[in-house]
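Residues per chain, in single letters:
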Amino acid sequence: MEATFLLTLLITFLASFIGYELISKIPQTLHTPLMSGSNAISGITLIAAILIYPEVGESQILKIIVLIAIAFATLNIVGGFSVTGRILEMFKKND
Amino acid sequence: MIEVILLVSSVLFIFALKLFGRPSTAHRANTFAMLAMALAVFSAFNFDFSNYDPAFYITIVVSGLLGVLISKRVQMTQMPELVGLFNGFGGGASGAIAYVELSKSTLPLSDYFVAIFSMVIGVFTFSGSIIAVLKLRGKLNNVNTTIANIFSAFLPPLILLPAIWEEMEILSLEYFMLLSLIAGIIRVAVIGGADMPVVIAFLNSLSGIAAMSAGFIVNSIILIVAGALVGASGIILTLLMCAAMNRTLLDVLKGGFGGAAINNEYDKDPISTSPEDVAIQLSYAESVVIVPGYGMAVAQAQAAVKELTNTLKDKNIEVKFAIHPVAGRMPGHMNVLLAEVDIDYEDMYTLEDINSEFSSTDVVIVLGANDVVNPLARTDENSPIYGMPILDVDLAKQVIVIKRSMSPGYAGIANPLFINDNAKMLFADAKEGLENIIKSFELV
């Protein structure tokens, strides 16, 4: 076990804890935009795809698989934020 | 420099969650999260854009445009399908990345296991979500649980197979992928439609967990943090949904609920009513509570709900909405449909907030909801829904149930509310029923 791995685990734990505390306070009314918003955030796996894309080497199959991952993740980010914005707009105008 | 950008990005993500806590500030949360995401993605390039060929940029632009197009065209009643689809994409992307990492290099042992985990969870989320979407679209009926049970029983030997059979070693990566794919399909296929809020929330959580573990493989802290946030959010919603049905997650995932012995016998006939009578009844009321359910979404009755609300409010009648946590096909589904037609979120009440008010409510309108207002959950210990928190509408002075027939809800059991002395049935589709009531008001 390297020290960095343990540090990373600690960060994971803290992030999960903060997430749990903050998200528990979100009212039922906003649960659908919360889900579409977290859809968008789970598209952050795009970062991993960007990091490994230049390293896939010669294999065309692996390159295509990474491109599929990029397409999925980008769709999630853009589509997710866009539809969440649309929903939250509907709640905003009630003020 | 990159570290500073990532730090700002992480802080923005956490602030976004904080702002999400209130409907009035939530739209700002979305802007914060978008900014955080843009910074995080930008940082991944490390200021060097020359490593990427046109195929890369074309994929990003095309799928980005497709994302915008889908999000603009989707109807609010289709949100469960959209979220389901996006869960699948997120899981699929993380699974694909883990597969590529596993097949291109020899990873250190700790990373190897994380990568296998990420691939299995990601692929499972992908296939499970596709099945969930097909179910939500009504393209797939419930599959018999026996197949799932047989598969589960054979799973341990299937997992161990590559370890004993040496010739499979080269294939084992693809083999595990295939197993996860099948597991996702079978697991979700046996779960019924009304359990979809749990399934969607659970898959949402898994897509975050898959992203988080992908973060471990590529050593990206921001990916781990964001993935963990999504995982936590999904878990919270999953547990809330399970609690609202008084069932455990394991019980929901086992599937087959409600498919068994259907008992829809009533010992007396319900009192049937007409739109005219309902209009008269409502015009004498001082307080009205509307309980929307999946039937409202199916009939696209939101606009009619808004019109009736306006009509009642013009007559100085108080109108509130009582929303059960599992009403509809995803968490918060009913709230979004009502918000879409400009109903104030201040008028939407949760189960805890409204249950004490039913006894002083003049008229309750149950609109396409069934199991969530079934009093057997309080009284009949043998009922499959016993102990489930319900909206106590039977305590109101009068109840109008707008429903097409006496057919049972998801649990497959009779609802004694329908034959209660204070209840009347208006046999109609949710939209048509409401429109007829509104028309009758004009005549009153």
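Residues numbered from 1 in each chain as written. Chains lettered and ligands numbered in written order. Predicted model: local features only at pLDDT ≥ 70, side-chain atom pairs only at ≥ 80, totals over all residues.

*Asks:* Looking at this structure, I do not really get the overall build of chain B. What am I missing?
*Replies:* Regarding its fold elements, chain B presents 17 helices and six strands. On C-alpha atoms alone, chain B measures out to a radius of gyration of 25 Å, which is about the 22 Å that the 2.2 N^0.38 rule sets for 444 residues. Projected onto the principal axes, the alpha-carbon positions of chain B cover approximately 75 × 50 × 35 Å. Within chain B, the proportion of its 444 residues that are buried is 50%. (Helix = DSSP H or I, 4+ residues; strand = E, 2+ residues; numbered from the N terminus. Rg over C-alpha atoms; globule rule 2.2 N^0.38 Å. Buried ≥ 20, exposed ≤ 12 C-beta atoms within 10 Å, placed from the backbone.)

*Asks:* Teacher, can you tell me more about the overall build of chain A here?
*Replies:* Broken down by element type, chain A carries four helices and zero strands. Along the chain direction, N to C, the helices and strands of chain A fall in the order α-α-α-α. In terms of overall dimensions, chain A is more spread out than a globule: its C-alpha atoms have a radius of gyration of 18 Å, far above the 12 Å expected for 95 residues. With respect to the principal axes defined by its C-alpha atoms, chain A has extents near 55 × 35 × 15 Å. Taking the contacts inside chain A whose residues are at least 6 apart along the sequence as the reference set, 76% of them involve residues at least 24 apart. (Contact = placed C-beta atoms within 7 Å.)

*Asks:* Is there a simple way to explain helix H9 (residues 221–244) of chain B in this structure?
*Replies:* Structural remark: α-helix, 3.6 residues per turn; residues separated by three or four positions point the same way. For H9(B), spanning 24 residues, the distance from its first C-alpha to its last is 35 Å, which sits close to the expected 34 Å at 1.5 Å a residue. Among the 24 residues in H9(B), 20 count as buried, and that is most of the element. (Expected span 1.5 Å × (residues − 1).)

*Asks:* Whenever I open this one, the packing of helix H4 (residues 79–104) of chain B against helix H8 (residues 196–218) of chain B confuses me. Can you help?
*Replies:* Helices that pack against each other are described as a pair by the angle of their axes relative to one another and the distance between those axes. All names here are of chain B. H8 packs onto H4 with a crossing angle of 25° between their chain directions and a minimal axis gap of 9 Å. Our classification of the angle between H4 and H8 gives roughly parallel. Crossing geometry of H4 relative to H8 is assigned as left-handed. Across the interface between the two elements, Pro80, Val83, Gly84, Asn87, Gly90, Gly91, Ser94, Gly95, Ile97, Ala98 and Glu101 of H4 pack against Met196, Ile200, Leu203, Asn204, Leu206, Ser207, Ala210, Ala211, Ala214 and Ile217 of H8. (Axes fitted to C-alpha atoms, helices over the stretch in contact; angles between N-to-C directions. Parallel < 35°, antiparallel > 145°, perpendicular 65-115°, else oblique. Left-handed = near helix turned anticlockwise from the far one by under 90°.)

*Asks:* Looking at this structure, I do not really get the interface of chain B and chain A. What am I missing?
*Replies:* Interface size is often expressed as the accessible area that is lost when the parts come together. Across the boundary between the two partners, chain B contributes 90 residues, which contact 73 residues of chain A. Those elements giving two or more residues to the side of chain B that touches chain A turn out to be helix H1 (2–19), helix H2 (26–44), helix H3 (54–73), H4, H8, H9, helix H14 (333–340) and strand E3 (348–350) of chain B. Here the side of chain B that touches chain A is composed, by residue class, of 56 nonpolar, 29 polar and five charged. (Nonpolar A, V, L, I, M, F, W, Y, C, P; charged D, E, K, R; others polar.)

*Asks:* Sorry, what's going on with the sheet that holds strand E2 (residues 318–323) of chain B here?
*Replies:* Strand pairing in a sheet relies on backbone hydrogen bonds. The paired strands run either parallel or antiparallel. Residues and elements named next belong to chain B. Spatially, the six strands line up as an open sheet ordered E3-E2-E1-E4-E5-E6, and their pairing is parallel. Since the sheet does not close on itself, it has two edges, and those belong to E3 and strand E6 (423–427), each with one partner. When the angles between neighbouring strand axes are averaged without regard to direction, this sheet yields 25°. Pairing between strand E4 (residues 363–367) and strand E5 (residues 398–403): five bridges, direction parallel. Each residue of the ladder has a partner; that of Leu367, found in E5, is Ile402. Against the sheet, H14 makes contact with strand E1 (287–292), E2 and E3, and its axis sits at roughly 145° relative to E2, the strand it touches most. (Pairing = 2+ DSSP bridges.)

*Asks:* It is not clear to me how the nonpolar core should be interpreted in this structure. Could you clarify?
*Replies:* Note that soluble globular proteins tend to have their nonpolar side chains buried in a common cluster. Grouped together as the largest cluster of nonpolar side chains are 183 residues, with contacts concentrated most on A:Ala49, B:Val291 and B:Val366. Element by element, the count of residues in this core is highest for helix H4 (residues 60–92) of chain A, at 17 residues. Here this core spans two domains, and each of domain 1 (74–254) and domain 2 (275–443) of chain B adds at least three residues to it. Contacts of B:Val291, omitting those with residues within four sequence positions, involve B:Ala322, B:Val364, B:Ile365, B:Val366, B:Leu367, B:Ala369, B:Val373, B:Leu391 and B:Val393. (Core = buried A, V, L, I, M, F, W, Y, C linked by C-beta atoms within 7 Å. Domains from an automatic or database assignment.)

*Asks:* Can you help me understand the pairing of E1(B) in this one?
*Replies:* Remember that side chains alternate between the two faces of the sheet whenever the strand is regular. Residues and elements named next belong to chain B. Most of E1 sits out of view: five of its six residues are buried. Direction of pairing for E1 relative to E4: parallel, over a ladder of five bridges. In the strand pairing of E4, Ile290 is matched with Ile365.

*Asks:* Looking at this structure, I do not really get the domain arrangement of chain B. What am I missing?
*Replies:* Residue and element names in this part refer to chain B. Taken domain by domain, chain B comprises domain 1 (74–254) and domain 2 (275–443). Listed as interface residues are 19 residues of domain 1 and, on the opposing side, 16 residues of domain 2. Of all the secondary-structure elements, those providing two or more residues to the side of domain 1 that touches domain 2 are H4, H8 and H9.

*Asks:* I would appreciate a short explanation of unusual backbone geometry in the present structure.
*Replies:* Peptide bonds are trans in most cases, and residues, glycine excluded, mostly fall at negative phi. All names here are of chain B. Positive phi outside glycine occurs at Asn219, with the angle close to 55°. Within the secondary structure, Asn219 is located in the loop between H8 and H9. One non-glycine residue, Gln300, adopts positive backbone phi at about 55°. When you line up the elements, Gln300 lands in the loop between helix H12 (294–299) and helix H13 (302–314). Classification of Gln300 by C-beta neighbours within 10 Å gives partly exposed; the count is 15.

*Asks:* How should I be thinking about the environment of B:Ser127 in this particular structure?
*Replies:* All names here are of chain B. Locating Ser127 in the fold gives a position in helix H5 (residues 109–136). Judged by the 23 C-beta atoms lying within 10 Å of it, Ser127 is buried. Sequence separation of Ser127 and Met1 is 126 residues, and the distance between their C-alpha atoms is 39 Å.

*Asks:* Looking at this model, I keep getting lost on the environment of B:Val225. Mind explaining?
*Replies:* Tracing the sequence through the fold places B:Val225 in helix H9. Separated by 13 residues in the primary sequence, B:Val225 and B:Met212 have C-alpha atoms spaced 7.1 Å apart. Excluding its chain neighbours within four sequence positions, the residues that come into contact with B:Val225 are A:Ile11, A:Ala15, B:Ser10 and B:Phe13.

*Asks:* What exactly am I supposed to notice about the environment of B:Ser180 here?
*Replies:* All names here are of chain B. By the element assignment, Ser180 lies in helix H7 (residues 172–189). Sequence separation between Ser180 and Thr125 is 55 residues, and the spatial gap between their C-alpha atoms is 8.8 Å. Once you skip the residues sitting within four places of it in the chain, Ser180 turns out to touch Val120, Val123 and Phe124.

*Asks:* I keep staring at the pairing of E5(B) and nothing clicks. Help me out?
*Replies:* Residue and element names in this part refer to chain B. In terms of burial, E5 is largely enclosed, as five of its six residues are buried. Bridge count between E5 and E6: five bridges; the pairing is parallel. Within E6, the residue paired with Val401 across the bridge is Met425.

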